[in-house]
Amino acid sequence: MALPGSYQANRRAGAATRRKLGSDTNSPLWRTVSSGLRRSWSPQQIAGKLPRMNKAAIQGGLTLPDPPMSVSHETIYCAIHAMPRSTLRTELVGLLRKSHKSRLPRSRGTARRGGLPNMINISLRPPEVAARIVPGHWEGDLIKGAMNRSSVGTLVERLSRYTMLVKLDGNTAQDVLEGFKRRLKNIPESLRKTMTYDQGSEMALHETLSAQLKMDIYFCDPHSPWQRGSNENANGLVRQFLPKGMDLSQISHQQLTAIEHSLNHRPRKILNFHSPHEVFSQLTADLIAGVALQA
């Protein structure tokens, strides 16, 4: 049954409002987005925070804008890059972690993806991984250096957000196999159940890595970095220390250890202001205690 015309019009108007930030940069939504960016929040973090801000405002007896503030992270990116040239646009683009002057196509980077043998798709990953209720599930990726000639591996444990940086000798699949195996073999087996990765060619030896670590490896859908969002967020934080254009082959183990320490000892709101180090250490201690009780 067709909807009444006025109702259809209201639905279209509401959808348009949700999709767009609008041109008024003094609107409550724009001011909130700008404030978040100036606090070094990513568009994804801002978009995810807005519903909680609306709820807190209601609980505090405040009047919400009509409609309530809501926007997707992709809309934030597009709105910033669609702004006319101005001091504000330059500032906001500069505040993005990946501060390209123009929006890059989402299909960028396809050359390094696809074609890996015997990949297990993320859709077959156990539900407990997505729920973040059990420790030992990791996400992995590479941060590339100047001219893509050097790399540093990044590994993030999903529950604790504990981050490990992997010194690599090169960019080949063999280099990644050796580097990831070297770091992960020191993690208790019960705390390395799965890894989620994209379809990068550097994981061509994923079956060997999986067998040697007794760790299941799952692959994201093409062009879907949000399916390993913890790792993407960690990569953005690491880029504050290792900006694009660096020759990462010159970064020492000691320097990577110092960056790890900084990231893992920061209090995180998502962890109730505990640090990833505190949470991961407690998980390890609980595992050791459990093994002792069973002995």
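Report on the accompanying structure.

1. Here's the deal with the overall build of the chain
Alright, step 1. When helices and strands are counted, the chain shows 11 helices and 5 strands.
Alright, step 2. For the chain, the proportion of its 295 residues judged to be buried stands at 40%.
Alright, step 3. A sequence separation of at least 24 residues applies to 61% of the contacts in the chain between residues at least 6 apart.

2. Some thoughts on the pairing of strand β4 (residues 194-197)
Alright, step 1. Burial of the side chains of β4 extends over both faces: T194 and T196 are buried on one face and M195 and Y197 on the other.
Alright, step 2. Across 4 bridges, the pairing between β4 and strand β5 (residues 216-219) is parallel. Counted as the bridge partner of Y197 is F219 from β5.
Alright, step 3. Once you follow β4 into helix α8 (residues 206-213) and on to β5, the crossover reads as right-handed.

3. With respect to the packing of aromatic side chains
Alright, step 1. The final tally for this structure, using the stated rule, is 3 aromatic pairs.
Alright, step 2. Pairwise contacts between aromatic rings join W138, Y162 and F280 into one cluster.

4. Concerning a positive patch on the surface
Alright, step 1. A cluster of basic residues, R39, R52, K55 and K269, forms a positive patch at the surface.
Alright, step 2. With respect to the helices, strands and loops of the structure, R39 is situated in the loop between α2 (28-38) and α3 (43-59).

5. A word on the nonpolar core
Alright, step 1. Judged by nonpolar contacts, the single largest core of 23 residues is most densely connected at W138, L155, F180, L184, M195, M203 and L209.
Alright, step 2. Every element with two or more residues in this core is listed here: β1 (137-144), β3 (163-167), α7 (173-184), β4, α8 and β5.
Alright, step 3. Element by element, the count of residues in this core is highest for α7, at 4 residues.
Alright, step 4. Excluding residues within four positions of it along the chain, M203 makes contact with L116, V176, F180, M195, Y197, L209, I217 and F219.
Alright, step 5. Residues M69, V71, M83 and V93 belong to the second largest nonpolar core, which totals 16 residues.

6. So, the sheet that holds strand β2 (residues 151-157)
Alright, step 1. Pairing is mixed in the open sheet, where 5 strands are placed in the order β3-β2-β1-β4-β5. Since the sheet does not close on itself, it has two edges, and those belong to β3 and β5, each with one partner. The average undirected angle you get between the axes of adjacent strands in this sheet is 25°.
Alright, step 2. Pairing analysis gives 5 bridges linking β2 to β3, with the strands arranged antiparallel. In the sheet register, L155 faces β3, and the bridge partner there is M164.
Alright, step 3. Docked against the sheet, helix α9 (residues 229-238) engages β1, β2 and β3, running at close to 40° with respect to β1.

7. Observations regarding the layout of surface pockets
Alright, step 1. Within this model, the second largest pocket holds a volume of roughly 1100 Å³.
Alright, step 2. Of all elements in the fold, only α3, α9 and α10 (253-264) reach the threshold of two or more residues within the lining of the second largest pocket.
Alright, step 3. Across the lining of the second largest pocket, the residue classes break down as 9 nonpolar, 10 polar and 9 charged.

Calculation rules
Numbering of residues starts from 1 in each chain and follows the order in which that chain's sequence is written. Reporting in this predicted model follows two pLDDT cut-offs: at least 70 for local features of residues, and 80 or more for side-chain atom pairs to be given and counted; totals over whole chains, interfaces and linings ignore these cut-offs and use all residues. Neither water nor hydrogens contribute to the side-chain values; these are computed over all heavy atoms in the structure. Helix and strand assignments follow DSSP, with helices taken as H or I runs no shorter than four residues and strands as E runs no shorter than two, numbered in order from the N terminus. Exposure categories follow from relative accessible area, calculated using a 1.4 Å probe and restricted to protein chains: below 20% of the type maximum is buried, above 50% is exposed, and the middle band is partly exposed. Only heavy atoms matter for contacts: two residues are in contact if any of them lie within 4.5 Å across the pair. When DSSP finds at least two bridges between two strands, those strands are taken to pair. Orient the strands so they point away from the viewer; a crossover is then right-handed if the path from the first strand over the helix to the second runs clockwise. By convention, a stacked pair of Phe, Tyr or Trp rings (six-membered ring in the case of Trp) has centres within 6.5 Å and planes under 30 degrees apart, an edge-to-face pair has planes over 60 apart, and any other such pair is tilted. Residues with no salt bridge and a relative accessible area higher than 30% make up the patches, which join like charges within 9 Å and nonpolar side chains (Val, Leu, Ile, Met, Phe, Trp, Tyr) within 5 Å. Each accessible area is a Shrake-Rupley result for a 1.4 Å probe, and residues are judged covered by the shown protein chains and nothing else. The salt bridge criterion pairs a side-chain nitrogen of Lys or Arg with a carboxyl oxygen of Asp or Glu, the two atoms within 4 Å. Asp and Glu are treated as the negative residues and Lys and Arg as the positive ones, with His and the ends of the chain left uncounted. To locate a charge, take NZ of a lysine, CZ of an arginine, CG of an aspartate or CD of a glutamate. Among the buried residues, those of types Ala, Val, Leu, Ile, Met, Phe, Trp, Tyr and Cys that are joined through side-chain atoms within 4.5 Å form a nonpolar core. Working convention: axes come from line fits to C-alpha atoms, limited for helices to the stretch in contact. Angles between N-to-C directions cover 0 to 180 degrees. Points on a 1 Å grid, built from protein atoms alone, make a cavity when a 1.4 Å probe fits but cannot get out and make a pocket when they are open with protein on both sides within 12 Å along at least 5 of 7 lines; residues with an atom within 4 Å of a point are the lining residues. Grid points are joined across faces, edges and corners, and a volume is the space filled by probe spheres set on the points. Asp, Glu, Lys and Arg are counted as charged, while Ala, Val, Leu, Ile, Met, Phe, Trp, Tyr, Cys and Pro are counted as nonpolar; the rest, among them Gly, fall into the polar class.

Functional significance is not addressed by these values, which are geometric in nature.
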